[in-house]
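# Summary of structural features
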Amino acid sequence: MTAPASVHASVVAIWSDALGVGPDELDADADFFLLGGHSLLATQMIARVERAHGVKLRLRDVLDHPFLGEFTELVAQAVASATASPAPSPADA
């Protein structure tokens, strides 16, 4: 599965800002931690991704998927799952 361009562009922008590197320095093999990321930055980055895409992520997701390509795919899968199964409305509960 290839992440949609909008998800990829959003995640690149968030990583770029969080890590203080130019987006042109971020390719699929860019490692969040080797670029200066740490747990606090990862937590902040996750919060921004969650707000941008309406998905729920964990710090463990960044630890397990530290490469931009892998992380972007994970976000794309979360977005697809959230879109496929919307939350039940209060009337359904």
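The structure this text deals with has already been given above.
Report follows, based on the coordinates. Predicted model only: the values in this text are computed from it and were never measured.

Turning next to the packing of aromatic side chains. Applying the stated rule across the entire model yields 3 aromatic pairs. A centroid spacing of 5.9 Å and a plane angle of 40 degrees characterise the contact between Trp15 and Phe71, whose relative ring orientation is tilted. Linking Trp15 in helix α1 (residues 5–19) with Phe71 in helix α4 (residues 68–84), this pair joins segments that are 56 residues apart in sequence. Considered together, Trp15 and Phe71 belong to a single accessibility category, that of buried residues. Where Phe32 meets Phe33, the ring centres are 5.3 Å apart and the plane angle is 85 degrees; that geometry is what we call edge-to-face.

This part is about the environment of Met45. Inspection of the secondary structure puts Met45 in helix α2 (residues 39–53). By relative accessible area, Met45 is classed as buried at 1%. Sequence-distant contacts of Met45, defined by excluding residues within four places in its chain, comprise Ile14, Trp15, Ala18, Phe32, Val62 and Phe71.

This next bit is on the pattern of salt bridges. As enumerated under the stated definition, the model contains 4 salt bridges in all. Of the charged contacts in the structure, one is a salt bridge between Lys56 and Glu50, with a shortest N-O distance of 4.0 Å. Residue classification places Glu50 among the buried residues on the basis of a relative accessible area of 17%. In this structure, the salt-bridge partner of Arg58 is Asp61, at a minimum N-O distance of 3.1 Å. Given the relative accessible area of 49%, Arg58 is considered partly exposed.

Counting residues in hydrophobic clusters, the biggest one holds 26 residues, and the most contacted among them are Trp15, Phe32, Met45, Leu57, Phe71 and Val75. Contributing elements (two or more residues each) for this core: α1, α2 and α4. The leading source of residues in this core is α1, at 7 residues.

So, about α4. Taking 1.5 Å per residue as the helical rise, α4 with its 17 residues ought to reach 24 Å, and the 24 Å between its terminal C-alpha atoms agrees with that figure. By the burial criterion, the buried members of α4 are Leu68, Phe71, Thr72, Glu73, Leu74, Val75, Ala76 and Val79. Close packing links the buried residues of α4 with α1, α2 and α3 (59–64).

The rules behind the values
Residues numbered from 1 in each chain as written. Predicted model: local features only at pLDDT ≥ 70, side-chain atom pairs only at ≥ 80, totals over all residues. Heavy atoms only, no water. Phe/Tyr/Trp six-rings, centres within 6.5 Å; stacked < 30°, edge-to-face > 60°. Helix = DSSP H or I, 4+ residues; strand = E, 2+ residues; numbered from the N terminus. Buried < 20%, exposed > 50% of the residue type's maximum accessible area, 1.4 Å probe, protein only. Contact = heavy atoms within 4.5 Å. Salt bridge = Lys/Arg side-chain N within 4 Å of Asp/Glu carboxyl O. Core = buried A, V, L, I, M, F, W, Y, C linked by side-chain atoms within 4.5 Å. Expected span 1.5 Å × (residues − 1).

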